[in-house]
Each structure stands twice: as structure tokens, then as C-alpha cells.
Amino acid sequence: MWSACHSLCCSSEMRSKWAAVLETVHLQREDDVDVFLLQHLLEYLHDRMLTDVMKTDKPPSLSTLKPQTMDKHEEQALRYAVGYAPFKLMKNFKKMEKNESASKCVKVLQQWAEESGYGPKDDVSYTKDWLQSQDRGKLFKVNDSVYHFFRSLEYVTRTVVKVDNVASLRKNNIITLLLTTLKSNTNVIKCWNTIVGDSIDSALSSVLLDETLTCFGKMRCNAFVKAYLDSVSRKAQKGLRKELSQSPQPSK
């Protein structure tokens, strides 16, 4: 939609029609003002159209997400997925063999893994069920404290990266907005301090936090965009099939 809108705004046909409108209302034209007014008007119309579309075409499977709750199946999927972040970060840091700070970060990330299998039963043991069934020995399994940290990220993410915000997100860098929101959340910082502690100094801790949030944020935003586009595409295809089925059939 955004690509099509951009192409339309830049087209010579649009500029010609806009010039005709200005002449109709007898407005004196100046190139800079002309372009500014057109861009402002098109942006306003696009936002209104997008907002109206979201009211009717919002995928129900995404719009029903609650910002501060997850069912056990969602938590199981989250626990399975978040192991990717420390695994990827360790892989990147290990490439910096002669970098002392990178080596320290690797040691911290290694401490995020569960040491002995899946550990004893606890208040979040139910989140490990699906992970256990899928594990073939190569998954990075985070410990409970690290899971609590990533769960706090997910709770905050759901208040930002959601279908209701699609229209407003168009004007923002979604990753930057999400990272800023995550870093300003007190519960996120509290959970982070729990899993890092005094193992590294505050400056390096801040660097590792940025890398961790960026890795999680990109993973989460990519998943959201893919799920949203898939849902909209399926709904559009269903609507097209319904429209075709209702159209008159040619006589034989």
C-alpha cells in the first residue's frame, strides 16, 4: 500500500491533476508551496484511508491480542523463540576473537543457558513443555531468570507493535520506537539487572543490552509484519473469491 501510494504521489498525472485543482480555485501557484500543499494533502488522505481500512479489515487473529497477558501456548512459543537471541549474539561476539569486551559478553550470555537439562519444576515450568518436545539437542535453552526478562520485553512489545498502531507506525521507524520504549520500561531494566548483575561494568552492560534489545526487536517486528501481511492477504483473497462467486456467470 505504501509503495503504491508513493508511486502515485510522484506521478506526473497526480501533479497535473493537482495543478488543475489549483487553477479551478484560482490559487496563485508557486513551485515550493505547490509541492508542500500536495504532499500534506496526500499524507492526510492516506492516513484517513488507512485508519478507515483498519476499522473494517483488521485481522481478528491479531486484533484480539491483549497487551499484558499471554496464554500458556504463547508463553511456550516465546520460550522456544527467545533462545535465538543469545545464540545469535554469542555467535557474533565469538567472531571478535581478540576483543576483550566481546569475550566478556560471551561469558555473560553463556550464563543465560540452563545448566542441567530443564531444571526442577517451578512457576514457569509449563513454558518448557513445547521446548522439550521440539528439542533435538541443539537448541539454546534459556534459564528462568532470562525467560522472565524476555517475557517482560514481549509484554512491552505488545503495547507498541500491534495492529491498532499500524497507521501511526507508518510515520516512525518501528525498531527505533520499540527500542526506546523497551529501554524506558522500569520492569525491563529490573529484569536485565537481575540476569547481568555485576558480571560486567555498566558501560558494557549498556552495550550488551542494546544488542539484545535490537536482536529481539528485529525478530519480533519481522514476525509481526509477516503475520499481518499474511492475514491481510488471506482476507483479500477470500473477499476476491466471494466477489467472483457472486458475479454473473457467462451463458454457455
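A brief look at the structure comes next. (Residues numbered from 1 in each chain as written. Predicted model: local features only at pLDDT ≥ 70, side-chain atom pairs only at ≥ 80, totals over all residues. Heavy atoms only, no water.)

One pass over the structure, following the stated rule, counts ten salt bridges. Taking the shortest distance from any N to any O, the salt bridge between Glu 74 and Arg 158 comes out at 3.5 Å. Of this pair, Glu 74 sits in helix α5 (residues 72–82) while Arg 158 sits in helix α9 (residues 144–160), placing them 84 residues apart in sequence. Close ionic contact of Lys 128 with Asp 144 constitutes a salt bridge, the shortest N to O distance being 3.5 Å. Of the two residues, Lys 128 is situated in the loop between α7 (100–110) and α8 (129–134) and Asp 144 in helix α9; the sequence distance between them amounts to 16 residues. Each of Glu 74, Glu 154, Arg 158 and Arg 220 takes part in a single network of salt bridges with overlapping partners. (Salt bridge = Lys/Arg side-chain N within 4 Å of Asp/Glu carboxyl O. Helix = DSSP H or I, 4+ residues; strand = E, 2+ residues; numbered from the N terminus.)

So, on to the packing of aromatic side chains. One pass over the full model with this rule turns up five aromatic pairs. Note on Trp 112 and Trp 192: the rings are 5.8 Å apart at their centroids and 90° apart in plane angle, and the pair reads as edge-to-face. With Trp 112 in the loop between α7 and α8 and Trp 192 in helix α12 (residues 186–196), this pair connects stretches of sequence that are 80 residues apart. When the centroid spacing of 5.2 Å and the interplanar angle of 65° are considered together, the rings of Phe 149 and Phe 150 count as edge-to-face. Residues Phe 149 and Phe 150 agree in their burial class; the two are buried. Through a chain of ring-to-ring contacts, three or more aromatic side chains come together here, namely Trp 112, Phe 149, Phe 150, Trp 192 and Phe 216. (Phe/Tyr/Trp six-rings, centres within 6.5 Å; stacked < 30°, edge-to-face > 60°. Buried < 20%, exposed > 50% of the residue type's maximum accessible area, 1.4 Å probe, protein only.)

A few words now on the environment of Asp 123. Residue placement: Asp 123 occurs in the loop between α7 and α8. For Asp 123 and Asp 144, which are 21 residues apart along the polypeptide, the C-alpha to C-alpha distance reads 9.2 Å.

In this model α9 runs 25 Å from its N-terminal to its C-terminal C-alpha over 17 residues, within 8% of the 24 Å that 1.5 Å per residue would give. Across the 17 residues of α9, 13 count as buried, placing the element largely inside the fold. Regarding α9, its N-cap is Asn 143, as a side-chain oxygen of that residue lies 3.2 Å from the backbone nitrogen of Ser 145 further along. (Expected span 1.5 Å × (residues − 1). Polar contact = N/O pair within 3.5 Å; in protein donor to acceptor, adjacent residues only side chain to side chain.)

In the contact formed by α9 and α12, the axes pass within 9 Å of each other and the chain directions differ by 160°. Considered as vectors, α9 and α12 are oriented roughly antiparallel to each other. The crossing of α9 and α12 is left-handed. Between α9 and α12, the residues in contact are Ser 145, Val 146, His 148, Phe 149, Ser 152, Leu 153 and Val 156 and Asn 187, Val 188, Cys 191, Trp 192 and Ile 195, respectively. By residue class, the composition of the contact of α9 with α12 is eight nonpolar, four polar and no charged. (Axes fitted to C-alpha atoms, helices over the stretch in contact; angles between N-to-C directions. Parallel < 35°, antiparallel > 145°, perpendicular 65-115°, else oblique. Left-handed = near helix turned anticlockwise from the far one by under 90°. Contact = heavy atoms within 4.5 Å. Nonpolar A, V, L, I, M, F, W, Y, C, P; charged D, E, K, R; others polar.)

Residues lying three or four places apart along an α-helix face the same way, a consequence of the helix completing one turn every 3.6 residues. All of the buried residues in α5 are Glu 75, Gln 76, Leu 78, Arg 79 and Val 82. Projected down its long axis, α5 carries its buried residues within an arc of 160°, all on one side. The distance from a side-chain oxygen at the start of α5 to the backbone nitrogen of His 73 is 3.0 Å, and the residue carrying that oxygen is Asp 71. (Arc of directions from axis to C-beta.)

Let us now look at the nonpolar core. Ranked by size, the top nonpolar core spans 45 residues in total, and within it Phe 93, Trp 112, Phe 149, Phe 150, Leu 153, Trp 192 and Leu 208 carry the most contacts. Breaking this core down by element, the ones donating at least two residues are α5, α6 (84–94), α7, α9, α11 (174–183), α12 and α13 (202–246). Top element by residues in this core is α13. It accounts for nine residues. (Core = buried A, V, L, I, M, F, W, Y, C linked by side-chain atoms within 4.5 Å.)

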